[in-house]
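A look at the structure
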Amino acid sequence: QVQLVESGGGLVQAGGSLRLSCVASGRTFSTLSMGWFRQALGKERELVASISRSGDYANYADSVKGRFTTSRDNAKNTVYLQMNSLKPEDTAVYYCAAARPLYDFAASELAFESWGQGTQVTVSS
């Protein structure tokens, strides 16, 4: 089982930026497609971005396309989510996730099997 620890959340004004990081351990990181989910209060969990094992491919939810970018550094066992032009509706707990090892590039919520503890992102208007 892979262990995931997120960091980088916080309070930011609308239009601002944050970068989330997630460090993985317990499994060879380069064999895992990774993703970022978020869950706002009273809403269902949403997959906002995913990235292939190599980092060559990424996929984004329509709600964040053009504003969020995910990347990874396999040498550091770390995946990132750069969030720009933040909006109040981006307020949520953000979770890093690892896909089942058979996926080179997971783009479906059902492909993921491990999540971190989450980090709060709050965007004020």
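What comes next is a walk through the structure. Predicted, not measured: the structure shown is a model, and the values here were computed from it.

**Comments concerning the pairing of strand 5 (residues 46–51)**
For strand 5, a buried count of five out of six residues is recorded, marking the element as mostly surrounded by other parts of the structure. One ladder, built from five bridges, connects strand 4 (residues 34–39) with strand 5; its direction is antiparallel. Paired with M34 across the bridge in strand 5 is I51. The hairpin formed by strand 4 and strand 5 contains six residues between the paired strands, and G42 there has a positive phi angle of roughly 80°. Where strand 5 and strand 6 (residues 58–60) come together, three bridges link them in antiparallel fashion. Looking across to strand 6, one finds that I51 is bridged to A58. Where strand 5 folds back on strand 6, the antiparallel hairpin that results is connected by six residues, among which G55 adopts a positive phi of roughly 90°.

**So, the environment of R53**
Within the secondary structure, R53 sits in the loop between strand 5 and strand 6. Taking relative accessible area as the criterion, R53 reaches 24% and is therefore assigned partly exposed. Sequence spacing of R53 and D90 is 37 residues, and the spatial spacing of their C-alpha atoms is 26 Å. Look past the residues within four positions of R53 in its chain and what remains in contact with it is S30, T31, L32, S33, R72, N74, P101, L102, Y103 and D104. From its side chain, R53 meets the backbone oxygen of P101 in a polar contact 2.3 Å long.

Quick notes on the rules
Residues numbered from 1 in each chain as written. Predicted model: local features only at pLDDT ≥ 70, side-chain atom pairs only at ≥ 80, totals over all residues. Heavy atoms only, no water. Buried < 20%, exposed > 50% of the residue type's maximum accessible area, 1.4 Å probe, protein only. Helix = DSSP H or I, 4+ residues; strand = E, 2+ residues; numbered from the N terminus. Pairing = 2+ DSSP bridges. Contact = heavy atoms within 4.5 Å. Polar contact = N/O pair within 3.5 Å; in protein donor to acceptor, adjacent residues only side chain to side chain.

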